[in-house]
Amino acid sequence: MQPIQAVRWSPDCNAVRIIDQTALPERYIERDLRSLDDVCAAISSLAVRGAPAIGIAGAMGLVVSLASFDDPATERLRARIAVHAQRIIATRPTAANLAWAVNTVAAAAKEPHASGREALRAMRAVADALLADDAAMCRRIGSLGEQLLGDGARVLTHCNAGALATTGIGTALAPVYVAAEHGRQVSVLACETRPLLQGARLTAWELSRAGVPVRVITDSAAASAMRARRVDLVIVGADRIAANGDVANKIGTYALALQARYHGIPFYVAAPTSTFDPAIPDGSAIPIEQRGRAEVARINGQAIVPNDVPVDNPAFDVTPADLVTAIISDRAIHYPPYRFVP
Ligand code: MRU
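Residues numbered from 1 in each chain as written. Predicted model: local features only at pLDDT ≥ 70, side-chain atom pairs only at ≥ 80, totals over all residues. Heavy atoms only, no water.

**Here's the deal with the layout of surface pockets**
No. 1: In this structure, the largest pocket encloses a volume near 410 Å³.
No. 2: Taken together, 18 residues line the largest pocket, and the ones lying closest to its centre are Pro195, Leu196, Leu197, Arg201 and Asn300.
No. 3: Among the secondary structure elements, those contributing two or more residues to the lining of the largest pocket are helix H7 (198-209), helix H10 (294-297) and strand S12 (298-299).
No. 4: Mapped onto the domain boundaries, the lining of the largest pocket takes at least three residues apiece from domain 1 (7-139) and domain 2 (148-334).
No. 5: Taken as a whole, the second largest pocket spans an internal volume of roughly 320 Å³.
No. 6: The element that contributes the greatest number of residues to the lining of the second largest pocket is helix H5 (residues 116-145), accounting for five residues. (1 Å grid on protein atoms, 1.4 Å probe; cavity = no way out; pocket = protein on both sides within 12 Å on 5 of 7 lines; lining within 4 Å. Points joined across faces, edges and corners; volume = space filled by probe spheres on them. Helix = DSSP H or I, 4+ residues; strand = E, 2+ residues; numbered from the N terminus. Domains from an automatic or database assignment.)

Spelled out as structure tokens, the structure:
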């Protein structure tokens, strides 16, 4: 079976090739992002999504967006890079990975270069390295995290923190994939993840494709599943982790952490180094993306909320560190008290 490649270069290397995640599970479509507008639209619309994947797509997209800029002066190139980087970073504010990856690639142009062309080559090399590193970090998270999964482990997860959300085997799903590779029987309960249904559409798609038993439940069924002892542990991903271990992740994660605590079920967060933001002391400073009304108020084009009733649509919430049993990074399994330093 072909591995999922959520983000990669197109064969001519002039575009970022993504799997259009808005079409799954009904249709598998790949799209090539060739301009700044393409890149920003794909990230904003969640055609490419998940903290690590938007970081890599944004970083590669920055390179692609400058391809037609043939001014050889590096000063003018740097000014252009700053404008493009700002636009890409502004598409989604919560995931630490996006600004980190885009700024890392932009920084490659700051070193002295003989020409704009050479600066662009350096940026592309850094984007290549980020692409490979992300996959390697996922693998390490999987190898560390699998020790938390005994034979027969039943994992509950939220949203999609799998291969579709990264350039490798995912973060929250990485321990599941590695345990399955090692012949252990593991199964997953996937919360559907209102309003955009990443759990139902994406986590279910990629796990069933990989032959890992998966069952979808509504978000509101999670507490009952825990009470019925159908869940051994919860593993979720993260969009940003503050210095004190507070975790921003898909809306609904906080409720799951509370439910897990009440039922005595371990609650794990899996994330690569690029998701940690030790410059932020705690979760109160994490910017939470607010998305549009239609995602909540309409289903299949039909209104499900009266037109005159306002809607809130925060895409993420913050789970306080004291509800998190451990954080599985690519470096270690971190236990409380969390004190991440830059
Ligand atoms: O809005 P999304 O689909 O980009 O949200 C994704 C999540 O919340 C994931 O759990 C998180 O980005 C980690 S992905 C490895």
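After presenting the structure, the write-up continues.
**Some words on the sheet that holds strand S6 (residues 214-217)**
No. 1: In space, the seven strands of this open sheet follow the order S6-S5-S4-S7-S10-S15-S16, with mixed pairing throughout. With partners counted over all chains shown, the strands left at the sheet margins are S6 and strand S16 (333-334), one partner each.
No. 2: Where strand S4 (residues 154-157) and strand S7 (residues 233-236) come together, two bridges link them in parallel fashion. From the neighbouring strand, Leu156 faces S7, where its bridge partner is Val234. (Pairing = 2+ DSSP bridges.)

**Topic: the packing of helix H2 (residues 51-65) against helix H3 (residues 74-89)**
No. 1: Taken N-terminus to C-terminus, the directions of H2 and H3 make an angle of 145 degrees; their axes are 10 Å apart at the nearest point. Note on packing geometry: the crossing formed by H2 with H3 is right-handed. Facing Gly58, Gly61, Leu62 and Ser65 of H2, the residues of H3 in contact are Ile81, His84, Ala85 and Ile88. (Axes fitted to C-alpha atoms, helices over the stretch in contact; angles between N-to-C directions. Left-handed = near helix turned anticlockwise from the far one by under 90°. Contact = heavy atoms within 4.5 Å.)

**Thoughts on the domain arrangement of the protein**
Note on interface size: it is often stated as the accessible area lost on association of the parts.
No. 1: Per the domain assignment, the segments of the protein are domain 1 (7-139) and domain 2 (148-334).
No. 2: Relative to domain 2, the C-alpha centre of domain 1 lies at a distance of 25 Å.
No. 3: Across the boundary between the two partners, domain 1 contributes 29 residues, which contact 35 residues of domain 2.
No. 4: Note on domain 1 versus domain 2: buried area summed over both sides is about 2600 Å², and carbon and sulfur give 56% of it.
No. 5: Seen at the junction of domain 1 and domain 2, the total is two salt bridges.
No. 6: The interface formed by domain 1 and domain 2 includes 18 residue pairs in polar contact (both at pLDDT 80 or more).
No. 7: Elements with a minimum of two residues in the side of domain 1 that touches domain 2: H2, helix H4 (96-107) and H5.
No. 8: The element contributing the most residues to the side of domain 1 that touches domain 2 is H5, with six residues.
No. 9: Partitioning the side of domain 1 that touches domain 2 into residue classes produces 18 nonpolar, seven polar and four charged. (Buried area = accessible area lost by both parts, 1.4 Å probe. Salt bridge = Lys/Arg side-chain N within 4 Å of Asp/Glu carboxyl O. Polar contact = N/O pair within 3.5 Å; in protein donor to acceptor, adjacent residues only side chain to side chain. Nonpolar A, V, L, I, M, F, W, Y, C, P; charged D, E, K, R; others polar.)

**With respect to the site of the ligand**
No. 1: Around the ligand, the structure places 18 residues, and the nearest of them are Arg49, Ala51, Arg92, Asn249 and Lys250.
No. 2: For the ligand, an oxygen atom lies 2.5 Å from a polar atom in the side chain of Arg49.
No. 3: Here an oxygen atom of the ligand sits 3.0 Å away from a polar atom, N or O, in the main chain of Gly50.
No. 4: In the complex, 100% of the free accessible area of the ligand, which totals 410 Å², lies under the protein chains.
No. 5: Most atoms of the ligand, that is more than half of them, are within 2 Å of grid points of the largest cavity. (Near = heavy atom within 4 Å. Areas by Shrake-Rupley, 256 points an atom, 1.4 Å probe, with all protein chains shown as cover. Sits in = over half its atoms within 2 Å of the grid points.)

**Here's the deal with the environment of Leu202**
No. 1: As for its placement among the helices and strands, Leu202 is situated in helix H7.
No. 2: Judged by relative accessible area, Leu202 falls into the buried class, the value being 0%.
No. 3: A sequence separation of 158 residues divides Leu202 from Ser44, and the C-alpha atoms of the two residues are 17 Å apart.
No. 4: Excluding residues within four positions of it along the chain, Leu202 makes contact with Gln21, Leu24, Arg49, Asn160, Leu164 and Leu197. (Buried < 20%, exposed > 50% of the residue type's maximum accessible area, 1.4 Å probe, protein only.)

**Side note on the packing of aromatic side chains**
Any pair of aromatic rings gets described here by the distance separating the centres and the angle formed by the planes.
No. 1: Overall, the coordinates contain three aromatic pairs when judged by the stated rule.
No. 2: An angle of 75 degrees between the planes, with centres 4.8 Å apart, marks the rings of Phe276 and Phe340 as edge-to-face. Here Phe340 lies in the segment after S16 and Phe276 lies in strand S11 (residues 276-277), a separation of 64 residues in the sequence. For the pair Phe276 and Phe340, a shared accessibility class is recorded, and that class is buried. (Phe/Tyr/Trp six-rings, centres within 6.5 Å; stacked < 30°, edge-to-face > 60°.)

**Here we look at the side chain of Thr203**
No. 1: Considering the arrangement of structural elements, one finds Thr203 in helix H7.
No. 2: Judged by relative accessible area, which is 0%, Thr203 ranks as buried.
No. 3: Looking at Thr203, its side chain comes within polar contact range of the side chain of Asn160, at 3.1 Å.
No. 4: Setting aside chain neighbours within four positions, we find Thr203 in contact with Thr157, Cys159, Asn160, Leu173, Ala190 and Gln198.

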